[in-house]
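Next come the chains, spelled out residue by residue.
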Amino acid sequence: MYAQQIKTDARRLKTLEEMDDQERAFQERVDADIKIEAKDWMPDGYRKTLIRQISQHAHSEIVGQLPEANWISRAPTLERKAILLAKVQDEAGHGLYLYCAAETLGISRDQMLAQLHSGKAKYSSIFNYPTLTWADVGMIGWLVDGAAIMNQVPLQRCSYGPYSRAMIRVCKEESFHQRQGYDALITLCHKGTAAQKAMAQDALDRWWWPSLMMFGPPDGESIHSAQSMAWKIKQNSNDELRQKFVDQTVPQADYLGLTIPDPDLKWNDAKGGYDFGEIDWDEFHRVLRGDGPCNKQRLDDRVTAWEDGAWYREGLMAHAEKKAARRAAAAA
Ligand code: FAQ
């Protein structure tokens, strides 16, 4: 039982004996895999952690539309364009389910968006990289959606009911996204010209390491993991999921005939998985601080979209007020 783990550092978790009655009852419910619902009592830290994670997840889905949207008007065929449009619309839907799930915890959508627009709230580091060629769209589907699925399948079992239910639907759609990306890459690598295959390799060279960073800092530096795992918000550590992703993805790269840009990548019989090279954590932290290749552009685009939509939000409010006034007058 995680709650009984004792760590000696600042992230030490309380034991069941150290908890007050309410907190102990809550933890026992979590340990028994009973879902926590919006109106149930929950520790402040549980509520805060969920708001942080779910809102950052929602922001990632919304900001995540931008790199691919760049290619909607330049997709190589009508079919690829229709598929990409559907995928980018799905990401908007994921953002909306997730904002709704976070709202059940007592934060408003306006508050969450204000946090995104001011730069206070994070979104996934991966969306601060540019999409330079059509092969990048394939890479986002194969690697970024592939990593997202690896991380989100266990979130379907998250202890918080509204988040776990949102994840069930999101995961079904992410599977289609991953598949469409891989399919686009099969076309480039198996049916394309040498130049198209080289374009796919160049995209893999640029997206591989940022995809591994999606899983978050190494376990030893993950400030939230121990508590989030005790609360069954997270089921696996960052490094566990990263390892599973590498093990799943290497054979898929082999099938495409592409080379993963890691000279240290090697099968390790003893652990039954791949060893891989050191991730550039300086780059990860630089991107998180706002210094990635596209951070400024992504945030500017979101703020502009919000400001451009002001007239529509004001129109909706004016309409709602008019309707309410008419209803009040009829009732008087
Ligand atoms: N980027 O202590 P930990 C998608 C932050 S959705 C930015 O390990 P935790 C769909 C972390 O927030 C992709 N920040 O944190 C799609 C924390 O900062 P804070 C998004 C990161 O929460 C596909 C600090 O570092 N998925 O791709 C990142 O236990 C294609 C310390 O980290 C989710 O959000 C990062 N990569 O574990 C859309 C899934 N990693 O908040 C369009 C839900 C860490 O204290 C196209 N989230 N940080 O200021 C999670 O599972 C977790 O939040 C983790 C991080 C695993 C991301």
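Data block above holds the structure.
Residues numbered from 1 in each chain as written. Predicted model: local features only at pLDDT ≥ 70, side-chain atom pairs only at ≥ 80, totals over all residues. Heavy atoms only, no water.

Draft legend 1. Fine view of the nonpolar core. Membership of the largest hydrophobic core comes to 49 residues, with the highest contact counts inside it found for M139, W142, W207 and W208. Elements represented by at least two residues in this core include exactly helix 4 (78-103), helix 6 (134-155), helix 7 (161-191), helix 8 (194-213), helix 10 (238-256) and helix 11 (281-288). A total of 10 residues in this core trace back to one element, the largest contributor, which is helix 6. Excluding its chain neighbours within four sequence positions, the residues that come into contact with M139 are V144, L185, A200, A203, L204, W207 and L258. With 26 residues, the next largest nonpolar core counts M42, Y46, I62 and Y163 among its residues. (Core = buried A, V, L, I, M, F, W, Y, C linked by side-chain atoms within 4.5 Å. Buried < 20%, exposed > 50% of the residue type's maximum accessible area, 1.4 Å probe, protein only. Helix = DSSP H or I, 4+ residues; strand = E, 2+ residues; numbered from the N terminus. Contact = heavy atoms within 4.5 Å.)

Draft legend 2. The arrangement of the packing of helix 4 against helix 7 in detail. Close contact between helix 4 and helix 7 brings their axes to 10 Å; oriented N to C, the two are set at 160°. On the basis of the axis angle, helix 4 is roughly antiparallel to helix 7. Remark: the crossing between helix 4 and helix 7 carries left-handed chirality. Class assignment of the residues belonging to the contact of helix 4 with helix 7 gives a composition of 11 nonpolar, four polar and eight charged. (Axes fitted to C-alpha atoms, helices over the stretch in contact; angles between N-to-C directions. Parallel < 35°, antiparallel > 145°, perpendicular 65-115°, else oblique. Left-handed = near helix turned anticlockwise from the far one by under 90°. Nonpolar A, V, L, I, M, F, W, Y, C, P; charged D, E, K, R; others polar.)

Draft legend 3. Just a nonpolar patch on the surface, in detail. On the surface, W311, Y312 and L316 cluster together to form a nonpolar patch covering roughly 400 Å² of accessible area. One can find Y312 in helix 13 (residues 310-331). (Patch = residues over 30% accessible without salt bridge, like charges linked within 9 Å, V, L, I, M, F, W, Y side chains within 5 Å. Areas by Shrake-Rupley, 256 points an atom, 1.4 Å probe, with all protein chains shown as cover. Salt bridge = Lys/Arg side-chain N within 4 Å of Asp/Glu carboxyl O.)

Draft legend 4. Main features of the site of the ligand. The local shell around the ligand holds 36 residues, among which K122, S222, H224, K234 and N238 are the closest. The side chain of N151 places a nitrogen or oxygen atom 3.0 Å from an oxygen atom of the ligand. Side-chain polar atom of N238 to an oxygen atom of the ligand: 2.8 Å apart, as the coordinates give it. Contributions of two or more residues to the shell around the ligand are made by helix 2 (44-63), helix 4, helix 6, helix 7 and helix 11. Among the elements that make up the shell around the ligand, the one with the highest residue count is helix 6 (seven residues). Taken together, the residues of the shell around the ligand break down into 14 nonpolar, 13 polar and nine charged. (Near = heavy atom within 4 Å. Polar contact = N/O pair within 3.5 Å; in protein donor to acceptor, adjacent residues only side chain to side chain.)

Draft legend 5. Quick look at the packing of aromatic side chains. With the rule as written, the count across this model stands at 11 aromatic pairs. For the ring pair F26 and Y46, a centre distance of 4.8 Å and an interplane angle of 75° mean the geometry is edge-to-face. Taken together, the positions of F26 in helix 1 (residues 21-31) and Y46 in helix 2 put the pair 20 residues apart, joining distant regions of the chain. You can call F26 buried: its relative accessible area is 4%. By relative accessible area, which is 0% here, Y46 ends up buried. A centroid spacing of 5.0 Å and a plane angle of 80° characterise the contact between W267 and Y274, whose relative ring orientation is edge-to-face. (Phe/Tyr/Trp six-rings, centres within 6.5 Å; stacked < 30°, edge-to-face > 60°.)

On their own, these measurements won't tell you what the molecule is for.
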